[in-house]
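Each chain is listed here by its residues.
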Amino acid sequence: MIKMYDLAGADPEHRFSPYCWRVRLALAHKGLSVETIPWRYHEEKIAFSGQGFVPVLVDGDIVVSDSWRIARYLDEAYPKSKPPFTVAGSVAKSLFIKHWMGKVVHPVVSRVIIPEIIKQVHPLNRDYFRNTREQRFGMRLEDLSAERDKNLQSLHASFEVLRATLGEFQFLGGSEADFSDYLVFAAFQWARCVSQVKLFPEGDLLEPWLDRMLKMFDGMAQKARRYT
Ligand SMILES: N[C@@H](CCC(=O)N[C@@H](CS)C(=O)NCC(=O)O)C(=O)O
């Protein structure tokens, strides 16, 4: 069976990494089962992959790290299972979405939820998490919390491009979800798993899409463990 090393919080069943969620959704889309193995920052158990980030996928003798590379690998290795999610032109579209998430959306979502994540990472990871994140943002996590409303407003404005698309289509993939949907949804799932903060207001045009995503694959994302 395919194995995936997955970031876990203090509670080993608490899995909130957006990059790992992308892969779990991609695997479910392909109808592939996976055994997920909890991993905490610094744990040596992924050293065999030659780098220090999750997700890491192990499929027999093959080891792949990085969520985008894993998605591409799955499409190539399992071309016949369920409609490929990165078919032809959709690879380029998904790549655009991946970069939009990485450069525009994730930096702001992190600013909103990182002050909450610190409370939920494994106690041995707390100092590392605080130091690296405070260095990245150039401020104390407590000061980041004070900027939350400003960051939520900025996210609200960024999501306009999603509203404009999802107001016309059921999914970014059109009538069915594809990897673009998983790339975006994984960030909402990240926030949902660690925080009570809603990234958009009640009644937002994005709500029906989010609801559809939560219910996919027998409610896999909806059933996931949330903040503790
Ligand atoms: N580009 C990578 C990013 C993976 C990544 O940043 N993973 C985080 C977990 S959400 C991680 O492993 N962080 C380790 C660390 O910060 O030391 C991907 O798409 O898989």
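Notes on the structure in this doc start here. Keep in mind it's a predicted model, so treat the numbers as computed, not measured. Numbering of residues starts from 1 in every chain and runs along the sequence as written. Residues qualify for local features only when their pLDDT is at least 70, as the model is predicted, and side-chain atom pairs are given and counted only at 80 or more; totals for whole chains, interfaces and linings, by contrast, use all residues. The basis for every side-chain value is the complete set of heavy atoms in the structure, and neither hydrogens nor water enter the calculation.

## As for the packing of aromatic side chains
Move 1: Pairing of aromatic rings covers Phe, Tyr and Trp, the last through its six-membered ring, and needs centres within 6.5 Å; plane angles under 30 degrees mean stacked, over 60 mean edge-to-face, and all others mean tilted. Inspection of every chain in the model, using the stated rule, returns 10 aromatic pairs.
Move 2: Relative to Y41, the ring of W39 has its centre 5.9 Å away and its plane inclined at 65°; by these criteria the two rings are edge-to-face. Judged on exposure class, the residue W39 and its partner Y41 are both buried.
Move 3: Between Y41 and F129, the aromatic rings sit 6.0 Å apart at their centres with planes inclined by 50°, giving tilted as the arrangement. Of this pair, Y41 sits in the loop between β2 (34-39) and β3 (56-59) while F129 sits in helix α4 (residues 126-137), placing them 88 residues apart in sequence. Each member of the pair, Y41 as well as F129, carries the same accessibility label: buried.
Move 4: Put simply, the rings of F159, F185, F188, F200 and W209 touch in pairs and so form one group of aromatic residues.
Move 5: Throughout this description, the term charge over a ring refers to an Arg CZ or Lys NZ atom that lies within 6 Å of the ring centre and within 35 degrees of the ring normal. Taking NZ or CZ as reference, R24 lies 4.4 Å from the ring centre of W21, over its face. Burial classes follow relative accessibility: with a 1.4 Å probe on protein chains only, a residue under 20% of its type's maximum area counts as buried, one over 50% as exposed, and anything between as partly exposed. A run of H or I in DSSP becomes a helix once it reaches four residues, and a run of E becomes a strand once it reaches two; helices and strands are each numbered from the N terminus.

## Quick notes on the pairing of β3
Move 1: Residue alternation in β3 divides its side chains into two sets, V56 and V58 and L57 and D59, and both sets are buried.
Move 2: Strands qualify as paired when DSSP identifies two bridges or more between them. Bridging between strand β1 (residues 2-7) and β3 involves 3 bridges; their strand directions are antiparallel. In the strand pairing of β3, K3 is matched with V58.
Move 3: Sheet analysis places β3 next to strand β4 (residues 62-65), joined by 4 bridges and oriented antiparallel. Within β4, the position partnered with L57 by the bridge is V64.
Move 4: Joining the antiparallel neighbours β3 and β4 is a turn of 2 residues, in which G60 adopts a positive phi near 65°.

## Considerations on unusual backbone geometry
Move 1: With an omega of 10°, the peptide bond running from V54 to P55 counts as cis.
Move 2: Mapped onto the fold, P55 is located in the loop between β2 and β3.
Move 3: Non-glycine residue D66 carries a positive phi angle of around 80°.
Move 4: On the secondary structure map, D66 appears in the loop between β4 and α2 (67-77).
Move 5: Since its relative accessible area comes to 36%, D66 is described here as partly exposed.
Move 6: Within the chain, D218 stands out as a residue other than glycine whose phi angle is a positive 60°.
Move 7: Structurally, D218 can be placed in helix α9 (residues 207-219).
Move 8: Using a relative accessible area of 64% as the deciding quantity, one classes D218 as exposed.

All quantities given are derived from atomic positions and should not be read as evidence of function.
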